[in-house]
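What follows is the residue order along each chain.
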Amino acid sequence: NDFGCLAGSMLGKVMYYSFRDGEAQTLAAFSDEGVRGLYLDAEMSYATLMDVCKGWHSEAPYQSSLSVNFRTWDRKNAQNVKHILQRGPWVLVLFPMSTTVMHVA
């Protein structure tokens, strides 16, 4: 898009490059789970990991502002996340016995 680009690794590292500032910034240095999906709009950068979605502001100082744990949506559901599918801001979280959809933006 016109704002910048995001890159994520299987070790949970998230990098953001701002076209406006011309600089690269590490948003997340490490996680036990790899990055499953990325989304970027004018105001926020989002990374979807195995059981959590994290968000950062897209302008300096790139502070973390969002963290949603998928397992806490339903207190009765103690299942682990099986798969994550993402297209744009829409995230589909597949549990062994249920499915949940979330709009990250």
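Residues numbered from 1 in each chain as written. Predicted model: local features only at pLDDT ≥ 70, side-chain atom pairs only at ≥ 80, totals over all residues. Heavy atoms only, no water.

1. Points about the packing of aromatic side chains
Here's step 1: Applying the stated rule across the entire model yields three aromatic pairs.
Here's step 2: Measuring from ring centre to ring centre gives 5.8 Å for tyrosine 17 and phenylalanine 19, while their planes differ by 70 degrees; the resulting arrangement is edge-to-face.
Here's step 3: On the basis of relative accessible area, tyrosine 17 is assigned to the partly exposed category, the value being 33%. (Phe/Tyr/Trp six-rings, centres within 6.5 Å; stacked < 30°, edge-to-face > 60°. Buried < 20%, exposed > 50% of the residue type's maximum accessible area, 1.4 Å probe, protein only.)

2. So, the pairing of strand S2 (residues 14-18)
Here's step 1: Only one face of S2 is covered, namely the one carrying Val14, Tyr16 and Ser18; the face carrying Met15 and Tyr17 has none of its residues buried.
Here's step 2: The pairing of strand S1 (residues 4-8) with S2 spans five bridges and is antiparallel. Note that in S2 the partner of alanine 7 across the bridge is methionine 15.
Here's step 3: In sequence, S1 turns back onto S2 through a hairpin of five residues, with glycine 12 there showing a positive phi of about 85 degrees.
Here's step 4: Turn length for the S2-strand S3 (residues 23-28) hairpin, with the two strands adjacent in sequence and antiparallel, is four residues, and the turn residue glycine 22 shows positive phi of about 70 degrees. (Helix = DSSP H or I, 4+ residues; strand = E, 2+ residues; numbered from the N terminus. Pairing = 2+ DSSP bridges.)

3. Digging into the sheet that holds strand S4 (residues 37-40)
Here's step 1: Ordered in space as S4-S5-S6-S7, the four strands form an open sheet in which the pairing is antiparallel. This sheet does not close on itself; its edge strands, each paired only once, are S4 and strand S7 (64-69). Pairwise comparison of adjacent strand axes, ignoring direction, gives a mean angle of 15 degrees for this sheet.
Here's step 2: Where strand S6 (residues 52-57) and S7 come together, five bridges link them in antiparallel fashion. Note that in S7 the partner of valine 52 across the bridge is asparagine 69. (Axes fitted to C-alpha atoms, helices over the stretch in contact; angles between N-to-C directions.)

4. Some words on the sheet that holds strand S8 (residues 83-87)
Here's step 1: Read from one edge of the open sheet, three strands run S8-S9-S10, paired in antiparallel fashion. For this open sheet the edge positions go to S8 and strand S10 (99-103), each flanked by a neighbour on one side alone. Ignoring strand direction, the axes of neighbouring strands in this sheet form an average angle of 15 degrees.
Here's step 2: Inspection of the sheet shows S8 paired to strand S9 (residues 90-94) by five bridges, in the antiparallel sense. Paired with leucine 85 across the bridge in S9 is leucine 92.

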